[in-house]
Amino acid sequence: MVMDKLGNSLQDALKKLVKSGRIDERTVNEVVKDIQRALLQSDVNVKLVMQMSQHIKERALKEEVPSGMNPREHVIRIVYQELISIIGKSTDIPLKPQTIMMIGLQGSGKTTTTSKLARYFQRKGLKPGVVCADTFRPGAYQQLKTLCTKLNVAFYGEEGNPDAVGIVERGLKELQKNDILIVDTAGRHSLESDLITEMEDIHAVAKPDYKLLVLDGAIGQQASEQARAFNDSIGISGVVISKLDGTAKGGGALSAVSETNSSIAFIGVGETPDDLERFEPDRFISRLLGMGDIKSLIEKAEEALGEEDFDMEAMLRGRFTLKDMYKQLESLNKMGPMKQIMQMLPLGGLGAKIPEDAYQVTGDKLGRYRVLMDSMTEEEMLNPRIIGSARIKRIARGSGCGPDDVRELLKYHKMMQTAMKGFRGGKFNMQKMMKKM
Ligand code: GDP
């Protein structure tokens, strides 16, 4: 998943802090050392890491603990704020009619991102149209056309015609009835002069409101160099960092971009059209630190479920019967992969750890769970603890499944219940912590 490694290391560092008895200089130094190691492994610039470490140390020991916070929370808050400050701000992307020009080197993920972006606006209720001006890379036309067709997004391209500027001119005219016009341009292996000339020519014709540069997340700190070079040629409005799901070096690109005069608009977190996320530093960091991202979760739920009611409160409250679990699994299943959703909850962080197999609840399994639960009594659904071995056999027979299936369901429920509890209560309540921030 997205920046798993960095997230886990940072969370481990904070866990140490939570567990330590006293917050003194030694504790702070230790935590800072762990954070340094995590950031450096993720390819964040050494100078930046050292600066940040210094800030954390100074602030943690000198700043007064705000009222209502204990010293541990005070330090966690400082770490949170300092991490946000090294990745800078997010590019503002208004939801209104506009033309967006996509630029970047070949292989950066530009074409994939173009379709993801169309999908993003589509989900927000706008009508996107896509022009393929990548006349350089063989296959780009077909790739983009196929992606757009699948998404039901208007597409314009001229296969085989090398005249990118002419295509843009005609394409924008043809698609003018759409709200958002996205122009995918050609890349090269490096920022060569013919690429710059072509970008400038297209730029002059398309007159884009936004120029989004796509950078491969795996390039780490080199991101700043590339962002600077593109910015010096036609200027960029914002950056999309792609492939953050597949690299351990993502911290490099994320922190490097803010060093240039630009900011990050989106991040690419997978290969499907839905794997594009708006980049918002505070949400991003809270997720990384395991503090959850309740805001994104609710938005995702609303997008997925439309008008249907979604009881997020129940999800977070922790009264957790089998019935609740089923309802939640059903809703979550509509929202996308379980793992992505769970990462937005403050469970995986300083609360309870979710075992890997908890994410593997597929549609098939959900169907089986339903059949099993249909064979249970109301009382059993509300209080699964009363289900003994005789009832397990009975339920299995009644549903045409095996006793192991019943046990699996019960085990799963227990695991989720424990996770919910860990997140709700305990000595350290991360959600309460987030509210304080
Ligand atoms: P272009 O040459 O810049 O247009 O690059 P493409 O859009 O064709 O992308 C190059 C490769 O990167 C393709 O195999 C994409 O599926 C893959 N890719 C793009 N974005 C992402 C991402 O966010 N995550 C992952 N895992 N792969 C991506």
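What counts as what
- Residues numbered from 1 in each chain as written.
- Predicted model: local features only at pLDDT ≥ 70, side-chain atom pairs only at ≥ 80, totals over all residues.
- Heavy atoms only, no water.
- Buried < 20%, exposed > 50% of the residue type's maximum accessible area, 1.4 Å probe, protein only.
- Helix = DSSP H or I, 4+ residues; strand = E, 2+ residues; numbered from the N terminus.
- Pairing = 2+ DSSP bridges.
- Axes fitted to C-alpha atoms, helices over the stretch in contact; angles between N-to-C directions.
- Contact = heavy atoms within 4.5 Å.
- Core = buried A, V, L, I, M, F, W, Y, C linked by side-chain atoms within 4.5 Å.
- Domains from an automatic or database assignment.

**Q** Describe in detail the pairing of strand 4 (residues 180-185), supporting the description with residues and values.
**A** Regular strands place side chains that alternate from one sheet face to the opposite one. Burial within strand 4 is extensive, with six of its six residues counted as buried. Burial of strand 4 is two-sided: the residues I180, I182 and D184 facing one way and the residues L181, V183 and T185 facing the other way are all buried. Two elements, strand 1 (residues 98-103) and strand 4, share five bridges in a ladder whose sense is parallel. From the neighbouring strand, M101 faces strand 4, where its bridge partner is V183. Where strand 2 (residues 128-133) meets strand 4, six bridges bridge the pair, whose relative direction is parallel. Residue pairing for strand 4: C132 is matched across the bridge by D184.

**Q** Residue-level account of the sheet that holds strand 8 (residues 276-278), with values.
**A** Read from one edge of the open sheet, eight strands run 3-2-4-1-5-6-7-8, paired in mixed fashion. Of all strands in the sheet, those with a lone pairing partner are strand 3 (154-156) and strand 8, marking the two edges. Direction aside, the axes of adjacent strands within the sheet are offset by 25° on average. Running over the sheet, helix 6 (residues 140-151) touches strand 2, strand 3 and strand 4 and is turned about 170° from strand 2.

**Q** Before we move on, can you summarise the nonpolar core with the specific residues and values?
**A** Core analysis: the largest hydrophobic core is formed by 68 residues, its most contacted members being L39, L254, I267, F284 and I285. The element contributing the most residues to this core is helix 4 (residues 71-87), with nine residues. Mapped onto the domain boundaries, this core takes at least three residues apiece from domain 1 (4-87) and domain 2 (98-280). Other than its neighbours up to four places away in sequence, I267 contacts I241, L244, L254, D275, L276, E277, F279 and F284. One finds I100, M102, L117 and L144 within the second-largest nonpolar core, a separate group that totals 25 residues.

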